[in-house]
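Spelled out, the chains give:
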Amino acid sequence: MPSAYRQGFVFVQNIFAGVVSETDSGYKFEYDKDYLSIENPLAVSLTLPLQKEPFESKTLFSFFDGLIPEGWLLNVVSRNWKIDSRDRFGILLVACKDTIGDVSVGTTR
């Protein structure tokens, strides 16, 4: 099992749903067991359906990459937090705590 470097806590409608991690081999997303046991849990996205097994990818999952700001806002985030704009996971962790949609990602649970 790959070890995690950085991780983000994923919330769906402000309910803790799982953890997205940067690993030796890429990225991993895993739903929280308690979240899967609640009545009518919602999937983070259609590409990450509800399941007990973790998802693994060599690149950042497209759904999470899609949460990251673009254009001038990406430049503002990169400059203000002093994060390289190519560090997509780092940007995800600092800029996606309060997103427009149902899903948010933060560094604290």
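None of these values were measured; they are calculated from a predicted model.

*Asks:* Looking at this model, I keep getting lost on the packing of aromatic side chains. Mind explaining?
*Replies:* Counted by the stated rule, this structure contains 9 aromatic pairs. With centroids separated by 6.0 Å and ring planes inclined at 55 degrees, the aromatic side chains of Phe9 and Phe16 adopt a geometry described as tilted. On the accessibility criterion, Phe16 (12% relative accessible area) is buried. Taking the centre distance of 5.6 Å and the plane angle of 55 degrees together, the rings of Phe29 and Phe64 count as tilted. Remark: Phe64 occurs in helix α2 (residues 62-67) and Phe29 occurs in strand β3 (residues 26-31); sequence separation between them is 35 residues. Judged by relative accessible area, which is 0%, Phe29 ranks as buried.

*Asks:* For this particular structure, what's the right way to read the side chain of Ser45?
*Replies:* Positionally, Ser45 belongs in the loop between α1 (33-37) and β4 (55-57). Excluding residues that lie within four positions of it along the chain, Ser45 makes contacts with Tyr31 and Phe63.

*Asks:* Just checking my understanding: could you explain the nonpolar core for this structure?
*Replies:* As a rule of thumb, soluble globular proteins bury nonpolar side chains together. Formed by 26 residues in total, the largest nonpolar core has its most connected members in Val20, Phe29, Val44 and Phe64. Considering each element in turn, this core owes the most residues, 5 residues, to helix α4 (residues 88-95).

*Asks:* Please clarify how the packing of helix α3 (residues 71-81) against α4 should be interpreted in this entry.
*Replies:* For any two helices packed against each other, the geometry comes down to the angle between their axes and how far apart the axes lie. In the contact formed by α3 and α4, the axes pass within 11 Å of each other and the chain directions differ by 90 degrees. Compared by their axis directions, α3 and α4 come out roughly perpendicular. When α3 is examined against α4, the residues Leu74, Val77, Ser78 and Trp81 are found in contact with a partner set consisting of Arg88, Ile91, Val94 and Ala95. Tallied by class, the residues present in the contact of α3 with α4 amount to 6 nonpolar, 1 polar and 1 charged.

Conventions adopted
Residues numbered from 1 in each chain as written. Predicted model: local features only at pLDDT ≥ 70, side-chain atom pairs only at ≥ 80, totals over all residues. Heavy atoms only, no water. Phe/Tyr/Trp six-rings, centres within 6.5 Å; stacked < 30°, edge-to-face > 60°. Buried < 20%, exposed > 50% of the residue type's maximum accessible area, 1.4 Å probe, protein only. Helix = DSSP H or I, 4+ residues; strand = E, 2+ residues; numbered from the N terminus. Contact = heavy atoms within 4.5 Å. Core = buried A, V, L, I, M, F, W, Y, C linked by side-chain atoms within 4.5 Å. Axes fitted to C-alpha atoms, helices over the stretch in contact; angles between N-to-C directions. Parallel < 35°, antiparallel > 145°, perpendicular 65-115°, else oblique. Nonpolar A, V, L, I, M, F, W, Y, C, P; charged D, E, K, R; others polar.

Take it as geometry only, folks, not as evidence of what the structure does.
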